[in-house]
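# Summary of structural features
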Amino acid sequence: MSMTVLEAAKHLEEAIRHSQPFAQLRQAYAEIQRDSATRQMFEHFRSMQQEIQTKQMNGFEVTEAEIEALQRAMASIEANGKLGKLIQAEQRLNELFAQVTNAMFRPIEDLYAGRS
């Protein structure tokens, strides 16, 4: 094979940037950026999400109150049409990423299953 793995990864990056799911995400994000109230809601939610993830990664317990606050924020976001579009676009892109991840790990799975 003449293409290295890193070269293939760069091609994959470009393919993702030109994919329909990424274009939909970019469009949904642009809509949010044009609406200051929606943008603030989104930034607040992301901040809450990042704070909880940081706590978890550092071995700290997330409180029930933090989880409930995040769930309330998520419900508000889902009720907002623009943010709902963004979430749906993220989900489609994450589905694409899951398929790519499965393909990347298939050689290892095949090796361990005796199929290589």
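This section reports on the structure supplied with the text. (Residues numbered from 1 in each chain as written. Predicted model: local features only at pLDDT ≥ 70, side-chain atom pairs only at ≥ 80, totals over all residues. Heavy atoms only, no water.)

In the structure shown here, the tally under the stated rule is five salt bridges. E13 serves as the salt-bridge partner of K10, at 3.4 Å between the closest nitrogen and oxygen. In this pair, K10 and E13 are both assigned in helix 1 (residues 5-17), three residues apart and thus about one turn of the helix distant. Given the relative accessible area of 54%, K10 is considered exposed. Between R17 and E13 there is a salt bridge, and its shortest N-O distance comes to 2.9 Å. With R17 and E13 both in helix 1 and four residues apart, the pair spans about one turn of that helix. (Salt bridge = Lys/Arg side-chain N within 4 Å of Asp/Glu carboxyl O. Helix = DSSP H or I, 4+ residues; strand = E, 2+ residues; numbered from the N terminus. Buried < 20%, exposed > 50% of the residue type's maximum accessible area, 1.4 Å probe, protein only.)

Turning next to the packing of aromatic side chains. All told, the structure shown has one aromatic pair when counted by the stated rule. Consider the rings of Y29 and F42, whose centres lie 6.1 Å apart with planes at 70°: the pair is edge-to-face. Remark: F42 occurs in helix 3 (residues 36-57) and Y29 occurs in helix 2 (residues 20-33); sequence separation between them is 13 residues. With a relative accessible area of 9%, F42 lands in the buried category. (Phe/Tyr/Trp six-rings, centres within 6.5 Å; stacked < 30°, edge-to-face > 60°.)

Topologically, L86 is positioned in helix 5 (residues 81-112). L86 sits 20 residues away from E66 along the chain, and the two C-alpha atoms are 23 Å apart. Filtering out sequence-adjacent residues up to four positions away, L86 remains in contact with L25, A28, Y29, I32 and F42. (Contact = heavy atoms within 4.5 Å.)

With that out of the way, let us pick up helix 4 (residues 64-79). For helix 4, spanning 16 residues, the distance from its first C-alpha to its last is 23 Å, which sits close to the expected 22 Å at 1.5 Å a residue. For helix 4, every residue scored as buried is listed here: E66, L70, A73 and I77. In an axial view of helix 4, the angular spread of the buried residues amounts to 65°, which keeps them on one side of the axis. Exposed and facing more than 90 degrees away from the buried side of helix 4 are E64, A65, Q71, R72, E78 and A79. (Expected span 1.5 Å × (residues − 1). Arc of directions from axis to C-beta.)

Structurally, E31 can be placed in helix 2. The buried charged residue E31 lacks any salt bridge, with K85 as its nearest oppositely charged partner at 4.1 Å. Excluding its chain neighbours within four sequence positions, the residues that come into contact with E31 are K82 and K85. (Lys, Arg positive; Asp, Glu negative; His and termini not counted.)

Remember, this is a structural readout, not a statement about activity or role.
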